[in-house]
Amino acid sequence: MAAALIITGWLAIQVDDQDEEGVIQLAHSIQRTPDRSRTATSDATASGAASQELSAALNWSVLSGRTRLVQEQDSRSVDLFKPHDWYVASKPLEAPAPPPKPVAPEAPFSYLGKLQDSPQGTTFFLSENNKVYSVVAGQNIDNVWRLDTEDATTLNLTYLPLGQPQTLLKTAKPALPAEDGNQGAF
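Just so we're clear, the structure is a prediction, and the values are computed from it rather than from any experiment.

Let's talk about the packing of aromatic side chains
- Evaluated as defined, the whole model comprises three aromatic pairs.
- Note on F109 and W145: the rings are 6.2 Å apart at their centroids and 80° apart in plane angle, and the pair reads as edge-to-face. Taken as a pair, F109 in the loop between α3 (60–76) and β1 (110–118) and W145 in strand β5 (residues 145–150) lie far apart in primary sequence, 36 residues in all.
- Overall, F109 belongs to the buried group, its relative accessible area being 1%.
- On the basis of relative accessible area, W145 is assigned to the buried category, the value being 5%.
- These aromatic residues form a ring-pair network of at least three members: F109, Y133, W145 and Y159.

Description of the pattern of salt bridges
- Counted under the stated rule, the structure contains three salt bridges.
- Linking E150 and K114 is a salt bridge whose minimum nitrogen-to-oxygen distance equals 2.7 Å. With a gap of 36 residues between them, E150 in strand β5 and K114 in strand β1 connect regions that are remote in the sequence.
- Residue class for E150 comes out partly exposed when judged on its relative accessible area of 29%.
- A salt bridge links K170 to E150; the nearest nitrogen and oxygen atoms lie 2.3 Å apart. With K170 in the segment after β7 (164–169) and E150 in strand β5, the pair connects residues that are 20 residues apart, well separated along the chain.
- The exposure class assigned to K170 is buried, which follows from its relative accessible area of 15%.
- Connected through shared salt-bridge partners, K114, E150 and K170 make up one network.

Description of the sheet that holds strand β2 (residues 121–128)
- Here we have three strands laid out as an open sheet, ordered β1-β2-β3, and antiparallel in their pairing. Looking at strand neighbours, the two that pair on one side only are β1 and β3 (131–136), the edges of this open sheet. Within the sheet, the average angular offset between the axes of one strand and its neighbour, ignoring direction, is 20°.
- Pairing between β2 and β3: six bridges, direction antiparallel. Across the sheet, the residue bridging to S127 is V132, located in β3.

Re unusual backbone geometry
- Of note, D117 is a non-glycine position whose phi angle comes to about 60°, a positive value.
- Mapping D117 onto the fold places it in strand β1.
- Judged by its relative accessible area of 77%, D117 is exposed.
- Even without being glycine, N143 reaches a positive phi, approximately 55°.
- Its place among the elements puts N143 in the loop between β4 (140–141) and β5.

Some details on the confidence of the model for the protein chain
- On average, residues of the protein chain score 74 in pLDDT, and 58% of them reach the 70 mark or higher.
- Note on residues 36–41: pLDDT under 50 across the span, and two contacts to partners over four residues away in sequence or across chains.

Digging into the side chain of T123
- Mapped onto the elements, T123 comes out in strand β2.
- T123 has contacts with G113, K114, L115, S118, S134, V135 and V136, leaving out every residue within four places of it along the chain.

Observations regarding the nonpolar core
- Counting residues in each nonpolar core, the largest one holds 15 residues, and the members touching the most others are F109, L126, I141, W145, L155, L157 and L168.
- Elements that contribute at least two residues to this core include exactly β2, β3, β5 and β6 (154–159).
- Looking at this core, the element that brings in the most residues is β6, giving three residues.
- Filtering out sequence-adjacent residues up to four positions away, I141 remains in contact with F109, L126, Y133 and V135.

Calculation rules
Residues numbered from 1 in each chain as written. Predicted model: local features only at pLDDT ≥ 70, side-chain atom pairs only at ≥ 80, totals over all residues. Heavy atoms only, no water. Phe/Tyr/Trp six-rings, centres within 6.5 Å; stacked < 30°, edge-to-face > 60°. Helix = DSSP H or I, 4+ residues; strand = E, 2+ residues; numbered from the N terminus. Buried < 20%, exposed > 50% of the residue type's maximum accessible area, 1.4 Å probe, protein only. Salt bridge = Lys/Arg side-chain N within 4 Å of Asp/Glu carboxyl O. Pairing = 2+ DSSP bridges. Axes fitted to C-alpha atoms, helices over the stretch in contact; angles between N-to-C directions. pLDDT = per-residue confidence, 0-100. Contact = heavy atoms within 4.5 Å. Core = buried A, V, L, I, M, F, W, Y, C linked by side-chain atoms within 4.5 Å.

See the structure below:
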């Protein structure tokens, strides 16, 4: 460790002793010599030559344009606390499109069958969610549907809230296929 410390100290002294050939001089710096024997005229000519070198190196047109922009900005923004109106007028709203006409839902019933020559006339049996209804033509079902007429393959119903007619097929609805492929297997 002592040897490393001695070598480091020796290298530090050697670097300080080297002449200043490696020092980079600035391009626009003026070297002044401590020689006082110069006259005032030689100082004036030296400073004039230095200022000519400096002005040749600087692009004065760019700098003058910059100060002009700053002066224009100063003249425009005199009042720093000027009140502002932040309200932005919105476009006039277009009239919204009219909502679509309501449509009667599909009849929720399944046709089970009919009984002819009953005391009230022909009675139709309809089911909805495990509930069976016995209905004759012109009778309301839960004050929502009315059975109007019967055709060969359909029953004509009316959706009472909207007064729109709906048809119910007398044929059985196709059964949904089982998900696992087994038809009714437990």
